[in-house]
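# Understanding the architecture of this molecule
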Amino acid sequence: MGEFEVHRVRFFGLVPAGVRCLACHPRGSRLALARTDGAVEVYNFAANYFQEKVIPGHELRTVESLCWAAGDRLFGAGLSGDITEYDLSGLSAARGVDGGGGPIWSMVANSTGTQLAIGCEDGSVKIFQVVPGGIQFERNLDRRKGRVLCLSWHPSDTHIVAGSIDFFRVIDVTSGQTVQRIMVNHHVEKAKRECVVWAISLLSSGTVVSADSFGRVQFWDWEQGTLAESHTVSTSAALSLAVSEKEDSIIVGTSTGATYQLQLLPVTLGGQEKRWVRTKPFQFHSHDVRAVAHSPTALISGGLDAQLVIRPLMEKIQKKSYDAALRKFTFPHRRLVSCARKARLLLFQFSQYLELWRLGSTEETGKDGEVLPLCQMPEHLVQLKSKGPEHIYCSCVSPCGTWVGYSTASRFHLYRVHCDGDGVSLRKVPKVPKLLPPAYQLQFSADSDSLFVASARGSVHVFQLLEPGGCKHLHTLRPPSGVEGRCLPFLPRGSAQGGCVAEVSAVVPSVHCPLLQHHCTVPTYNCAVSALAIHPSTNNLVIAYSDQQLLEFSIPEKQYTSWSRAVQSRGLHRAWLERDSPITHITFNPKNPSHILLHDTYLLCVLDKSLPLPDDSTLLMNQSTLKQLPETARKRQLHAFKICKKFQPLLFMDLLDENCLVVVERPIMDFKTQLPLPVQQKKFGT
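Residues numbered from 1 in each chain as written. Predicted model: local features only at pLDDT ≥ 70, side-chain atom pairs only at ≥ 80, totals over all residues. Heavy atoms only, no water.

Looking at an unreviewed UniProt entry, one finds the protein chain named UTP4 small subunit processome component and attributed to Catharus ustulatus.

Laid out in structure tokens, this is it:
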């Protein structure tokens, strides 16, 4: 694998925001997720649940509910009282409409996606019509005292059920009147505390399913106003529920971090009578499970511990495959760390501020695996706060460490960093050329003389950085005609031919070369690009896709390399393709052109193109395991993939020089200790 001096960084104090709500696309192709900081994410089921879109949060915008409507349009609503439509191509909150009833606690779309119903603080249920370019208010339904915490449409769109505190009611959509009001605690004698109906669903049979703060999942006949079944799934609150499309399975999330599945099963084998049975409990979370979703093939849950858990329904999986794997996502599928190689600085991105750190150093040498003492400790140089309520989209530090840039939804900011003695100062660059905000990605050139900014409609703006602190717009790279979407630029460090820029629009990488003209387009692939980089000496573009495929494209020859064709002909190892975490960064070893360094959340890999590819009968061993084998056994295991799993979870990796590597970890327990205490459960024997 090669020996490197490794700077192991664990002082990145990132605390991911908890999951607040989920929304499955009606066609089951995508999952929308909202976090407690207002950020919205979209995962692509077909692309191995890749996090393909992220809309950063806003301090004044909370998201209590998400829903898809009118095809691929995504709407959100929250305690600010506004209904917001999200621009998924521009990655921004496109437009907002005041709900007119105070804070909005719930929002659902009807079966055709043409109407939205919202539940408000003032007890009203309002209907909005989805129209081209926005939504418009249609009418109010019957208003009752008490905030409306949850809503559900009947599949035929004739009725809406609204859950509140101590009761729920069924509303006829045509007349707008309440046709049934049911007290959820009427059968409990002397109920001493209020019962909050946190989640509700109206089935096609007319059965109402409710989840409440007493930990119960109850099934009601709303026409008769009677309780049919009751299941106490938790000693604390049942916070969320979701029903399968066939209405034969339900997933419930609780405040203890547990999720439960209930299934509609025959009472006797082959009998016609069916009852709901709690069949499967799962404990994948440590905190409140505020959001659940039920896709055709999986149970999906999101907790305040920031984890998104996707558990496949094994009875829906025809054969053992990648789809049968349990997946847990905690960290974003994008980089929040950038590195100034020459200055040995790290820039950490948080939601509303940046931190610049200087790495520690040592004068000692040692053996493989030995921890060396530091002669200079890591130093926190400066914290740069973003003004206003908008969260940061992206950030970057130049290789020389003298420039820092970041972007919010409305503005791009550039700063000059001055290090004099023990002090560090920042000076904002005045009169930065205005761009069409936001900037989606930033990248400085290897010599720190240029800055590349990816902006709207696939454009990449090129800026010249001036001394002592200024910038000038040089050129705008535009995608070829017919190619639309968001572009992410990736700039090589020191290209042999003067430097090329690779950008991604949808799933089509394009290359611009020294004359700032479009050079070529890489053939289309059916999965999203998760990372790419250009080799500084060969000008080969290495691309990692969300389905774990790796391709290498020769920019000078405008075709795939012979190594890439061999990979496609033979195929990558099954264990490599079955990984559930995408490659997020690629770099190269300057002293060995055949080495490609890449990483995901759980492994660091040195890919040696000079060695043969492994077949499925070969074990992809961790390097620490491989070193324990005899010499003859190690030679039999010699292949292109050299894997290290020592650093987890791995958020960032880069080469500082040919002998020095920096890795940034964020152990799960480190940030969980900063979360509020979870509901304690009594465990047997304690």
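### Here we look at the side chain of Thr601
For clarity, the threshold we go by: Secondary structure elements follow DSSP: runs of H or I no shorter than four residues count as helices, runs of E no shorter than two count as strands, and numbering proceeds from the N terminus. The classification of residues rests on relative accessible area computed with a 1.4 Å probe and restricted to protein chains. Under 20% of the type maximum is buried, over 50% is exposed, and intermediate values are partly exposed. Throughout this description, a polar contact denotes any pair of N or O atoms lying within 3.5 Å of each other; where both atoms belong to protein, one of them has to be capable of donating a hydrogen while the other can accept it, and for residues adjacent in sequence the pair is counted only when both atoms sit in side chains. By the convention used here, residues are in contact when the closest approach between their heavy atoms is within 4.5 Å.
Secondary-structure assignment places Thr601 in the loop between strand S51 (595–599) and strand S52 (604–608). For Thr601, a relative accessible area of 12% puts it in the buried group. For Thr601, the side chain forms a polar contact with the side chain of Ser581, separated by 3.0 Å. Discounting chain neighbours no more than four positions away, the residues touching Thr601 are Phe331, Ser581, Phe647, Gln648, Pro649 and Leu650.

### Observations concerning the packing of aromatic side chains
For any pair of aromatic rings, the description consists of the separation of the ring centres together with the inter-plane angle of the planes. Note the following rule: Paired rings are identified among Phe, Tyr and Trp, the last through its six-membered ring, by centres lying within 6.5 Å, and are further divided according to the angle between planes into stacked (under 30 degrees), edge-to-face (over 60) and tilted (the rest).
Taken as a whole, this structure holds 17 aromatic pairs when the rule is applied. Ring centres of Phe282 and Phe284 lie 5.6 Å apart, and the angle between their planes is 10°; on these two criteria the pair is classed as stacked. An angle of 50° between the planes, with centres 4.9 Å apart, marks the rings of Trp576 and Phe641 as tilted. Placement of the pair is Trp576 in helix H2 (residues 574–577) and Phe641 in strand S53 (residues 641–644), with a sequence separation of 65 residues. As far as burial versus exposure is concerned, Trp576 and Phe641 are alike and both buried. Site record: aromatic cluster; members linked through ring pairs are Phe11, Phe12, Phe348, Phe350, Tyr353 and Trp357.

### What about the pairing of strand S10 (residues 104–109)?
Remark: a regular strand shows side chains that alternate across the two faces of the sheet. Stated formally: The pairing criterion is simple: DSSP has to find at least two bridges between the two strands.
Sheet topology places S10 next to strand S11 (residues 115–120); 5 bridges connect them, and they run antiparallel. In the strand pairing of S11, Ile104 is matched with Cys120. Count of turn residues in the S10/S11 antiparallel hairpin: 5 residues, of which Gly113 carries a positive phi of about 75°.

### Brief notes about the nonpolar core
Defined as follows: Residue types Ala, Val, Leu, Ile, Met, Phe, Trp, Tyr and Cys, when buried and joined through side-chain atoms within 4.5 Å, form a set referred to as a nonpolar core.
Grouped together as the largest cluster of nonpolar side chains are 32 residues, with contacts concentrated most on Val40, Leu66, Leu74, Tyr86, Leu414, Leu442 and Leu451. Discounting residues that sit within four places of it in the chain, Leu66 has contacts with Cys21, Leu22, Ala23, Ala32, Leu33, Ala34, Val40, Leu74, Phe75, Gly76, Tyr86 and Met107. Among the nonpolar cores identified, the runner-up in size contains 23 residues, and Ala531, Ala533, Leu550 and Leu620 belong to it.

### Quick look at a positive patch on the surface
Note the cut-off: Each patch is assembled from residues with relative accessible area greater than 30% and no salt bridge, linking like charges that lie within 9 Å and nonpolar side chains (Val, Leu, Ile, Met, Phe, Trp, Tyr) that lie within 5 Å. Each accessible area value is a Shrake-Rupley result obtained with a 1.4 Å probe; residue values ignore everything except the protein chains displayed when judging cover. Salt bridge, as used here: a side-chain nitrogen of Lys or Arg that lies within 4 Å of a carboxyl oxygen of Asp or Glu. Working convention for charge: Lys and Arg count positive, Asp and Glu count negative, and His plus the chain ends are omitted. Lys charges are placed at NZ, Arg charges at CZ, Asp charges at CG and Glu charges at CD.
Taken together, the side chains of Lys387, Arg411, Lys428 and Lys434 present a region of like positive charge at the surface. Relative to the assigned elements, Lys428 resides in strand S37 (residues 423–428). For Lys428, a relative accessible area of 37% translates into the label partly exposed.

### Overview of the confidence of the model for the protein chain
The following threshold applies: pLDDT measures how confident the predictor is about each residue, on a scale from 0 to 100.
Of all residues in the protein chain, 91% have pLDDT values of 70 or greater, and the mean over the chain is 87. Here residues 485–498 is modelled with pLDDT under 50, and outside its nearest four sequence neighbours on either side it reaches 59 contacts, counting other chains as well.

### As for the pattern of salt bridges
Within this structure, the stated rule accounts for 18 salt bridges. In this structure, Arg10 and Glu665 form a salt bridge, with 3.2 Å as the shortest nitrogen-oxygen distance. With Arg10 in the loop between strand S1 (5–9) and strand S2 (19–24) and Glu665 in strand S55 (residues 660–665), the pair connects residues that are 655 residues apart, well separated along the chain. For Arg579, the salt bridge goes to Asp600, with nearest N and O atoms at 3.0 Å. On the criterion of sequence distance, the pair formed by Arg579 in the loop between H2 and strand S50 (585–588) and Asp600 in the loop between S51 and S52 is long-range, its members being 21 residues apart. Given the relative accessible area of 2%, Asp600 is considered buried. When salt bridges with common partners are traced through the structure, they connect Arg8, Arg10 and Glu665 into a single cluster.

### Focus: the environment of Lys646
Of note, Lys646 is situated in the loop between S53 and strand S54 (650–657). Judged by relative accessible area, which is 47%, Lys646 ranks as partly exposed. Residues Lys646 and Thr114, spaced 532 residues apart in sequence, show a C-alpha to C-alpha distance of 51 Å. Contacts of Lys646, omitting those with residues within four sequence positions, involve Arg8, Gly369 and Glu665.

### Looking at the sheet that holds strand S29 (residues 327–329)
For the record, the criterion: In this analysis an axis means a line fitted to C-alpha atoms, helices contributing only their contacting stretch, and an angle means the value between N-to-C directions, from 0 to 180 degrees.
In spatial order, the strands read S26-S27-S28-S29; together these 4 strands make up an open sheet with antiparallel pairing. Since the sheet does not close on itself, it has two edges, and those belong to strand S26 (291–294) and S29, each with one partner. Geometrically, the sheet is characterised by an average inter-axis angle of 15° between neighbouring strands, direction not taken into account. Summarising the sheet, strand S28 (residues 308–312) and S29 pair through 3 bridges and their orientation is antiparallel. Bridging across to S29, Val309 finds its partner in Lys328.

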